[in-house]
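# Working through the structure, step by step
Take a look at the letters that make up each chain.
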Amino acid sequence: MTEISLTAKRHYADPFNEVTLDVVFTDPQSRKLRVPAFWAGGNLWKVRYASPVIGTHVFRSECSERADAGLHGVTGKIEVRPYTGRNPLYLHGPVRAAENQRFLQYQDGTPFFWLGDTWWMGLSHRLHFPDEFQQLTADRKEKGFTVIQIVAGLYPDMFPFDPRGANEAGFPWQTNYASIRPEYFDAADKRLEYLIDQGLTPCIVGAWGYFMPWMGVEKMKAHWRYLIARYGAMPVIWCAAGEANLPWYLAPGFPYDDRAQVKNWTEVMRFMRETDPFHRPITIHPTGLGRLSARNATEDSGLLNIDLLQTPHGQRDAVPITIRTVRQSYADKPVLPVIDGEASYEMLGDSLPTEWTRRMFWICLMNGAAGHTYGANGIWQCNRPGDPHGKSPHGGTYGKIPWNEAMRLPGSEQVGFGKRLLTQYAWQNFQPHPEWASFVGEPELSLKAAKWIWFPEGNPQQDAPAAKRFFRLNFMLPEKTAQGAILRVSADDKFDVRLNGELIGGADDWHAGKQFNDVAHFLRAGVNNMAITAENLPASGLIAALEVSFADGAPMEFVSDSAWQGSKDQVTWTNTLVEAAYGGGPWGQIDQADGDLYGPQSTGISDVVRITYAPEGQSVVARGLGIHATYLGAYFDPVSGAKTEIGLIKSGDDGSWVCPAPAGCDHDWVLVLEKKKTPGQ
């Protein structure tokens, strides 16, 4: 980018609103580009320009104040020379949608993997520049991030002109929205230019959606013209608004899908498309109401270059919603690159576990997404050590973890591991194939004979203390080898389970519970022990069933009932309280639905490579491989990033192959199958 300054010969009482200035550039191929200039304070205007065309470019300014010789009719030329550095944004050019609209690429056609991070308030003073901003940038660059989602001063989660939203130079607008304040953007320039210098693409969010009724369409157009003039020559992506269809938090009837706001933002998006001479990609960020897609945040999906999603900040409950949302957007017309731009922020409320942040990355990529945006609580709102963001307008808070601790949460490294694996292949040609894999078909173990139990204190269904309680059952097995064993457990609200002292695993969604297949190797003849640590919120309960099968004779079943013991401290034990039979109490039926959505998800290129994400440490059957086809297999650990070769595998007569889970795996895992070519292929 180059910058040209123009100085007015006249004084203007209200330069931002009185003067409109464009500069027309003509490249060596005689193509013209009308570039808006921006008021830089006082009598100074600036225009910024960039071009991939080598050679001499000439320009001439055109001003609404034609009598001002300092602004109108100014001519000159610039020389564009080849770039010789290593920054991918200059080496390959800015990001745009590929011709098939399925993925993103640099201007020269090199595929671009969107791995975004969420710094909504990163242009405010709460993330100090240069030291803190540069530290966070270095961390994200090292981990493989490529996009930073950042808001241009009109922020979420605070009242307008809240001191938390200022930067070193104050606010982006005067408090009555009469005029923009260039000083704010001078400070913002340093941050955005630094991101670009490090090879990271800013996705600039113009404003949070609820600013629209306060500023109105014309002021918002002026805001966006200023952003385009200031940053359009940079390799950026535009996001017209954040949560464009969500009204102000304290609006009567909140929350609701604000279609009047959507209509106005659509008008602004048309203005953006008409005004931006560089044609940077445009998207818009939806809220969690109605369809969770950018297509629901505009009346004209033809204005979009990227379908940005916002799926729930949930855990297991968010899985089917997220998969369905990605699949719907992938299948929709017009075809657009799909990015989940907000999903299950790590440590949201200082509690959302890494597992679910990581899973959102994988299930989105397996179902057709062109990348993914990670988010960490503490970073998006720039919590400072000892000085968190604090209360939202509605009175709640999102947690206290400071940005520098949030920076080191494991999820940011783990999504980087995922990107590193996928980009080893022609990921841009991947297509989702939900039919390629499933868990090995163990039927769901019935809980009908089991009872909901809890430690005897008050009425646990209503008012048990929010604390951990410990449960155990000793049971006898005959002097013969168990052929198989299945364990199913649910606890309101979460649990860990051990068999004979060995950790089997846990879960934190009682609505579905969790089934552990192939646990026979944890058992032994004689006395066995099952121990469960359960932790509850307002209502509490535990239910479990273990079925052990043998080569001869009927299976044995052990269920939660009055024979179990409970403890507060694992020292003093007492009989448990039976609260309800299965299907009773506040829990009802918890049989798992949408099993295919909770099962393995696959993508890849037929007869080339398959990537299957298994969300549980269970064996997977790979299907449709071809009869007696040979593949090179590998395990990938999404937690550590380690890849372990399996070796050559061969499918059976039905074209399938059963892959056991990695030894000792108690979490999600990834199977990679590369087709082994036969001689002559």
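See above for the structure.
Below is a summary of the structure that appears in this document.

What counts, and where the lines are drawn
- By convention here, each chain's residues receive numbers from 1 onward along its written sequence.
- Given that this is a predicted model, residues contribute local features only at a pLDDT of at least 70 and side-chain atom pairs are listed and counted only at 80 or more, while totals for whole chains, interfaces and linings are drawn from all residues.
- Remark: hydrogens and water are excluded; side-chain values derive from all non-hydrogen atoms of the structure.
- To count toward a patch, a residue needs a relative accessible area over 30% and no salt bridge; like charges are then connected within 9 Å, while nonpolar side chains (Val, Leu, Ile, Met, Phe, Trp, Tyr) are connected within 5 Å.
- Accessible surface area values rest on a Shrake-Rupley calculation with a 1.4 Å probe, where residue burial reflects the displayed protein chains alone.
- We define a salt bridge as a side-chain nitrogen of Lys or Arg found within 4 Å of a carboxyl oxygen belonging to Asp or Glu.
- Comment: elements are numbered from the N terminus, with helices defined as DSSP H or I runs of at least four residues and strands as E runs of at least two.
- Summary of the burial criterion: residues with accessible area below 20% of their type's maximum are buried, those above 50% are exposed, and those between are partly exposed, where the area comes from a 1.4 Å probe applied to protein chains only.
- At least two bridges found by DSSP between two strands are what make those strands a pair.
- To obtain each axis, a line is fitted to C-alpha atoms, and for helices this fit is confined to the stretch in contact; angles are then taken between N-to-C directions over 0 to 180 degrees.
- Here, residues are in contact when the closest pair of their heavy atoms is within 4.5 Å.
- To pair, rings of Phe, Tyr and Trp, with the six-membered ring standing in for Trp, must have centres within 6.5 Å; the planes then decide the type, stacked if under 30 degrees apart, edge-to-face if over 60, and tilted in the middle.
- Criterion for a charge above a ring: Arg CZ or Lys NZ at most 6 Å from the ring centre, at most 35 degrees from the ring normal.

### Comments concerning a nonpolar patch on the surface
- Taken together, Tyr83, Tyr90 and Leu91 make up a surface patch of nonpolar side chains, about 280 Å² in accessible area.
- With respect to the secondary-structure elements, leucine 91 resides in helix H2 (residues 88-91).
- Taking relative accessible area as the criterion, leucine 91 reaches 45% and is therefore assigned partly exposed.

### Topic: the sheet that holds strand S20 (residues 437-439)
- Taken in spatial order, the 3 strands make up an open sheet running S20-S35-S38, and their pairing is antiparallel. Strands at the two margins of the open sheet, each flanked by one partner only, are S20 and strand S38 (657-659). Across the sheet, the mean angle separating the axes of adjacent strands is 25° when strand polarity is ignored.

### Quick word on the sheet that holds strand S30 (residues 565-567)
- The sheet built from 6 strands is open, its strands ordered S25-S24-S27-S22-S30-S31 with antiparallel pairing. In this open sheet, the two edge strands, each paired with only one partner strand, are strand S25 (502-507) and strand S31 (574-575).
- Pairing analysis gives 10 bridges linking strand S22 (residues 468-477) to strand S27 (residues 526-535), with the strands arranged antiparallel. Paired with phenylalanine 470 across the bridge in S27 is threonine 533.

### Topic: the environment of glycine 55
- Examined against the element boundaries, glycine 55 turns out to sit in strand S6 (residues 55-63).
- For glycine 55, a relative accessible area of 14% puts it in the buried group.
- Remark: the alpha-carbon pair of glycine 55 and glutamate 79, spanning 24 residues in sequence, is separated by 5.6 Å.
- Aside from chain neighbours lying at most four places away, what touches glycine 55 is Pro28, Ile78, Glu79 and Val80.

### Comments concerning the packing of aromatic side chains
- According to the stated counting rule, one finds 40 aromatic pairs in the structure shown.
- Look at tyrosine 210 and phenylalanine 211: their rings are 5.3 Å apart centre to centre, the planes differ by 20°, and that puts the pair in the stacked class. Per residue, the accessibility class of tyrosine 210 equals that of phenylalanine 211, and both read buried.
- Chaining the aromatic ring pairs together yields one cluster made of Phe16, Phe38, Phe161, Phe171, Trp173, Tyr177, Tyr184, Phe185 and Tyr226.
- The aromatic ring of phenylalanine 145 is capped on one face by arginine 140, whose charged end is 5.3 Å from the ring centroid.

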